[in-house]
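# Understanding the architecture of this molecule
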Amino acid sequence: GKQYQFGSDGVIIEITERIEPCGNLCKLPYINNKNVPPMERLENCKNFLFFLNQIDGLRGWYGKIIGNGGPVRVGDSVTAVVV
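So, a few notes on the structure that sits alongside this text. Values in this document were obtained by computation on a predicted structure and should not be read as measured data.

What counts, and at which threshold
- Residues numbered from 1 in each chain as written.
- Predicted model: local features only at pLDDT ≥ 70, side-chain atom pairs only at ≥ 80, totals over all residues.
- Heavy atoms only, no water.
- Core = buried A, V, L, I, M, F, W, Y, C linked by side-chain atoms within 4.5 Å.
- Buried < 20%, exposed > 50% of the residue type's maximum accessible area, 1.4 Å probe, protein only.
- Contact = heavy atoms within 4.5 Å.
- Salt bridge = Lys/Arg side-chain N within 4 Å of Asp/Glu carboxyl O.
- Pairing = 2+ DSSP bridges.
- Helix = DSSP H or I, 4+ residues; strand = E, 2+ residues; numbered from the N terminus.
- Axes fitted to C-alpha atoms, helices over the stretch in contact; angles between N-to-C directions.

## So, the nonpolar core
- Formed by L25, C26, I31, C45, F48, L49 and L52, the largest nonpolar core amounts to seven residues.
- For C45, the residues in contact, after removing those within four places along its chain, are C26 and I31.

Here it is as structure tokens:
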């Protein structure tokens, strides 16, 4: 997968896969509003999951640390690593 370096000699992370949205997100109170009828809540959940799948990476990605790792700090630059 693609690799990114954080900071000038920092951690390198390799993207391993996209995070797929799951039904647990439908437990969020603004999706699963108890004041809404059950069928409408189910439809809201389906629409929400459909929306999240339309934009690649909206939920994020899984990654692994390459090498020994190290600190990543707020404000560190992020650079694509050419392999």
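Next comes the rest of the write-up.
## Focus: the pattern of salt bridges
- Per the stated rule, a full pass over the model turns up one salt bridge.
- Notably, a salt bridge pairs E20 with R18, separated by 3.5 Å at the nearest N-O pair.
- Judged by relative accessible area, E20 falls into the partly exposed class, the value being 49%.
- Of the residues examined, R18 reaches a relative accessible area of 22% and is grouped as partly exposed.

## What about the sheet that holds strand β1 (residues 3-6)?
- Spatial strand order, β3-β2-β1-β4: four strands in an open sheet with antiparallel pairing. Of all the strands in the sheet, just β3 (61-66) and β4 (78-81) have a single pairing partner and so form its edges. The average angle at which neighbouring strand axes cross in this sheet is 35 degrees, direction not considered.
- Bridge count between strand β2 (residues 12-18) and β3: six bridges; the pairing is antiparallel. Within β3, the position partnered with I15 by the bridge is G63.

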